[in-house]
Amino acid sequence: SLALKEDGSIVGWGVNDLDQYGSLYAGAKAIATGSKHSVELSKDGTPKTSGQISYPGRSPDVLHDVLATAAGSGFTMVIRYNLNLLEFFGFSPSGANLFVIPFTTNIIEIRCGSAHAVALRADGRVFAWGNNSSGQTNLPALGPAVDIAAGNFNSIALMRVAIKSSPPTILGPRVALGRPLNYFYHRIAVRGPPNAVTIANLPTGLSYDPMLGAIKG
């Protein structure tokens, strides 16, 4: 595991048999971890890969204009400043075809699972591609999203909901698909103004705390 501190330094813990921690240098603005490698992104936009990974042909480490990065099992993806261009480096896991990117420009966020990727475009549209053994790339009908995440075999998008209230504005619902442990598809509905929020269809084991404005469990 890696953590990025406020001063730009990196802390690592856990297995480091393949030098996954990297240099742990100060001055990083972002980090990403794959199954056997990590990527440290410096404040000047230069990525540095550590651990067990090989790049056929060009390596992302030669770039100096990277806005964001994500890592999966044997591959790295980066967003470059020029047109927010999304690029793939490494080897695509068997049958995943991750190098066939559905949309490459105006990408503002990228997340990687074990063998799939999820990208968020500037207009809020979400793209998912690669391995789909657990339905992790079967996107439901989504409106504009504001954030995305990916686990090994699942994907999550945080949706933008227009609610006339100020301040604050509620963002929701969250849409989850794929398989964390078992096959599932679950939608959480968020309704109401900030002082009277109701949340329906929470999975067993989760509860809403109105004092914190958070789902716990």
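Values in this document were obtained by computation on a predicted structure and should not be read as measured data.

K.L.:
Can you lay out the overall build of the protein chain for me, pointing to particular residues and giving the numbers?
P.N.:
Along the protein chain, the regular secondary structure elements total zero helices and 19 strands. By the burial criterion, 41% of the 217 residues in the protein chain qualify as buried. A separation of at least 24 residues holds for 31% of the contacts in the protein chain among residues at least 6 apart in sequence.

K.L.:
An account of the side chain of Glu-87 is needed here, citing residue identities and associated values.
P.N.:
Locating Glu-87 in the fold gives a position in strand E8 (residues 85-90). Given the relative accessible area of 13%, Glu-87 is considered buried. Among the polar contacts made by the side chain of Glu-87, one reaches the side chain of Arg-58 at a distance of 2.6 Å. Apart from the residues within four sequence positions on either side, Glu-87 is in contact with Arg-58, Thr-76, Met-77, Val-78, Arg-80 and Ile-101.

K.L.:
Run through the sheet that holds strand E3 (residues 28-33), naming residues and quoting values.
P.N.:
The strand order E3-E4-E5 describes an open sheet built from three strands, whose pairing is antiparallel. The sheet is open, and its two edges are formed by E3 and strand E5 (47-51), each paired on a single side. Direction aside, the axes of adjacent strands within the sheet are offset by 20 degrees on average. Where strand E4 (residues 37-42) and E5 come together, five bridges link them in antiparallel fashion. For Leu-41, the partnering residue across the bridge sits in E5 and is Pro-47.

K.L.:
Which residues make up the sheet that holds strand E10 (residues 116-121), and what values do they have?
P.N.:
Here three strands make up an open sheet; going across it, the order is E9-E10-E11 and the pairing antiparallel. Lying at the two open borders of the sheet, with one neighbouring strand each, are strand E9 (107-112) and strand E11 (126-130). Strand-to-strand, the axes of this sheet are offset by a mean angle of 20 degrees, without reference to chain direction. Where E10 and E11 come together, five bridges link them in antiparallel fashion. When the sheet's bridge partners are listed, Ala-117 is paired in E11 with Trp-129.

K.L.:
Break down the packing of aromatic side chains for me, citing the residues and quoting the values.
P.N.:
Summed over the entire model, instances satisfying the criterion amount to three aromatic pairs. For the ring pair Phe-75 and Phe-88, a centre distance of 5.6 Å and an interplane angle of 25 degrees mean the geometry is stacked. Here the residue Phe-75 occupies a position in strand E7 (residues 75-80), and Phe-88 occupies one in strand E8, the gap between them amounting to 13 residues. Judged by relative accessible area, which is 16%, Phe-88 ranks as buried. Both rings, one in Phe-103 and one in Phe-127, keep their centres 5.5 Å apart while their planes meet at 15 degrees; by these two values the pair is stacked. In this pair, Phe-103 is assigned in the loop between E8 and E9 and Phe-127 in strand E11, connecting sequence segments 24 residues apart. Taking relative accessible area as the criterion, Phe-103 reaches 29% and is therefore assigned partly exposed. Residue classification places Phe-127 among the buried positions, given a relative accessible area of 7%. Seen from the ring of Phe-103, Arg-121 lies directly overhead, with NZ or CZ sitting 4.1 Å from the centre.

Rules and cut-offs
- Residues numbered from 1 in each chain as written.
- Predicted model: local features only at pLDDT ≥ 70, side-chain atom pairs only at ≥ 80, totals over all residues.
- Heavy atoms only, no water.
- Helix = DSSP H or I, 4+ residues; strand = E, 2+ residues; numbered from the N terminus.
- Buried < 20%, exposed > 50% of the residue type's maximum accessible area, 1.4 Å probe, protein only.
- Contact = heavy atoms within 4.5 Å.
- Polar contact = N/O pair within 3.5 Å; in protein donor to acceptor, adjacent residues only side chain to side chain.
- Pairing = 2+ DSSP bridges.
- Axes fitted to C-alpha atoms, helices over the stretch in contact; angles between N-to-C directions.
- Phe/Tyr/Trp six-rings, centres within 6.5 Å; stacked < 30°, edge-to-face > 60°.
- Lys NZ or Arg CZ within 6 Å of the ring centre and 35° of its normal.

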